[in-house]
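Coordinate analysis (summary)
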Amino acid sequence: MDMSHIILYAIVPIIVVMLAGYISGKKGIFNGQDSKKFNKVVLDYALPAALFVSIVDASREMLVKDIKLSLISLIVLMMCFMIVYFVFRYCFKQNTQADAAVSALISGSPTIGFLGFAVLEPIFGTNAYVALVVAIVGIVVNAVGIPVGLALLNAGDAKAAGKKESAWKPVIHALEQPVAWAPILAVIWVVIGIPWPAWLSPSFDLIKGANASMAVFSAGITLSAVKLQINWQAVLGSILKLVMMPAMILIAGLIFKMDPMNLKMLVVAAALPPAFSGIIIADEYDTYVATGTSSLTLSVILFMGMCPLWLWITDLCCRGAI
């Protein structure tokens, strides 16, 4: 794949749409409350529709064949999630448990739901395997990472307030959200082997199309509403996200001999900028917003160089492993 094609078709559009949202926010056309409404449309409607209709196009054989992809995604991504949490919890004494939890939700998770299709499809094409990678990583991030992060966040807030709250409450709440149960339902649908009626897909495709564009535009509005703080925590968050996570995925994929194309897609998915959903949660809890948003901004800019670099490194490693 020509690197100029990747930059022009997968990365530059993200920057342009995010910049449009940023300028709109600075001009007062939209504000932080508008951004929250846009995010709610994405999280509750567009993203669940995109994940669901993409997964049900897969087959049971595909899921079984790619069990290695699922296990590596789950284990490595959650390892990275917890590493980020412990680094920010214990290496920065001023950080509370809630701060560390938000850091993990941001820098410990790729923004797969928001940018997965927008980045992977221009590089690898529109096919069921791209959808499967987005879906599997999306399930890990949304159905595992977010509940764990919210449990840590709520536990930290409760501890600071001197209260004791069940850790299961945020887990159950997270699994009630469409962005968590929709991909799980789709996987169950495929495993059972129920045929998906082709005439239903267009109804999902219409709202699905708003997923990436609205999410990126909304992120630009959010960026315009906070004062950026490019400090060591923001830089470290970007390094952990853009370097550590894809590197660990690549090493695990090579050790367990993943399919080279699946490995390339998974490495790019892991190298995506920090999760926009983490910024949404940070804003809702009013925790770690400025530093988290600064890390997101820095990572989006650096991703322009890191995406083609990781593709090149993965190609090199896969050729050497054959």
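Here the structure is shown first, and the text comes after it.
Here's what I pulled together on the structure shown here. (Residues numbered from 1 in each chain as written. Predicted model: local features only at pLDDT ≥ 70, side-chain atom pairs only at ≥ 80, totals over all residues. Heavy atoms only, no water.)

Here we take up the overall build of the protein. The helix and strand tally for the protein stands at 15 helices and zero strands. For 322 residues, the compact-globule estimate of 2.2 N^0.38 gives 20 Å, and the C-alpha radius of gyration of the protein, at 19 Å, lies within 12% of that figure. Its C-alpha atoms give the protein principal-axis dimensions of about 50 × 40 × 40 Å. By residue count, 53% of the 322 residues in the protein fall in the buried class. Contacts in the protein between residues far apart in sequence, at least 24 positions, make up 86% of those at least 6 positions apart. Counting only carbon and sulfur atoms, one obtains 69% of the accessible surface of the protein, whose full area is about 14300 Å². (Helix = DSSP H or I, 4+ residues; strand = E, 2+ residues; numbered from the N terminus. Rg over C-alpha atoms; globule rule 2.2 N^0.38 Å. Buried < 20%, exposed > 50% of the residue type's maximum accessible area, 1.4 Å probe, protein only. Contact = heavy atoms within 4.5 Å. Areas by Shrake-Rupley, 256 points an atom, 1.4 Å probe, with all protein chains shown as cover.)

Two numbers describe how helix α2 (residues 32-55) lies on helix α11 (residues 210-224): the axes approach to 9 Å, and their chain directions differ by 155 degrees. Regarding the angle of α2 to α11, the classification is roughly antiparallel. The two elements α2 and α11 cross, and the hand of that crossing is left-handed. Note on element contacts: α11 touches α2 through A210, N211, M214, A215, F217, S218, I221 and T222, opposite S35, F38, N39, V41, V42, A46, L47 and A50. A class-by-class count of the residues in the contact of α2 with α11 yields eleven nonpolar, five polar and no charged. (Axes fitted to C-alpha atoms, helices over the stretch in contact; angles between N-to-C directions. Parallel < 35°, antiparallel > 145°, perpendicular 65-115°, else oblique. Left-handed = near helix turned anticlockwise from the far one by under 90°. Nonpolar A, V, L, I, M, F, W, Y, C, P; charged D, E, K, R; others polar.)

Moving on, we come to the packing of aromatic side chains. Counted by the stated rule, this structure contains twelve aromatic pairs. Measuring from centroid to centroid gives 5.7 Å for F30 and F217, while their planes differ by 85 degrees, and the two rings are edge-to-face. Highlighted residues: F30 in the loop between α1 (3-26) and α2 and F217 in helix α11, separated in sequence by 187 residues. The class of F30 is partly exposed, set by a relative accessible area of 25%. Between F86 and Y90, the aromatic rings sit 6.1 Å apart at their centres with planes inclined by 15 degrees, giving stacked as the arrangement. Of this pair, F86 and Y90 both sit in helix α4 (residues 67-90), four residues apart, which is roughly one turn of that helix. Aromatic ring contacts, followed pair by pair, group F52, W189, W196 and F204 into a single cluster. In this arrangement the basic side chain of K208 is found over the ring face of F117, its NZ or CZ atom lying 5.5 Å from the centre. (Phe/Tyr/Trp six-rings, centres within 6.5 Å; stacked < 30°, edge-to-face > 60°. Lys NZ or Arg CZ within 6 Å of the ring centre and 35° of its normal.)

Before going further, it helps to examine the nonpolar core. Ranked by internal contacts, the top residues of the largest apolar core, which has 84 residues, are V119, L120 and I249. The element best represented in this core is helix α7 (residues 128-160), accounting for 13 residues. Counting eight residues, the second-largest nonpolar core is a separate cluster that includes V53, I55, A186 and V190. (Core = buried A, V, L, I, M, F, W, Y, C linked by side-chain atoms within 4.5 Å.)

On to the environment of L311. Residue position: L311 is located in helix α15 (residues 289-321). Residue classification places L311 among the buried positions, given a relative accessible area of 5%. Through-space distance from the C-alpha of L311 to that of M265 is 8.8 Å; in sequence the pair is 46 residues apart.

What follows deals with α2. When the terminal C-alpha atoms of α2 are compared, their 32 Å separation across 24 residues agrees well with the 34 Å that a helix rising 1.5 Å per residue should span. At V42, α2 shows its maximal bend, which comes to roughly 40 degrees. Where α2 begins, the side chain of N31 points an oxygen toward the backbone nitrogen of Q33, at a separation of 3.0 Å. (Expected span 1.5 Å × (residues − 1). Bend = angle between axes of the 7 residues up to and from the residue. Polar contact = N/O pair within 3.5 Å; in protein donor to acceptor, adjacent residues only side chain to side chain.)

The backbone phi angle of K257 is positive, close to 55 degrees, even though this residue is not glycine. Relative to the helices and strands, K257 is located in the loop between α12 (232-255) and α13 (260-270).

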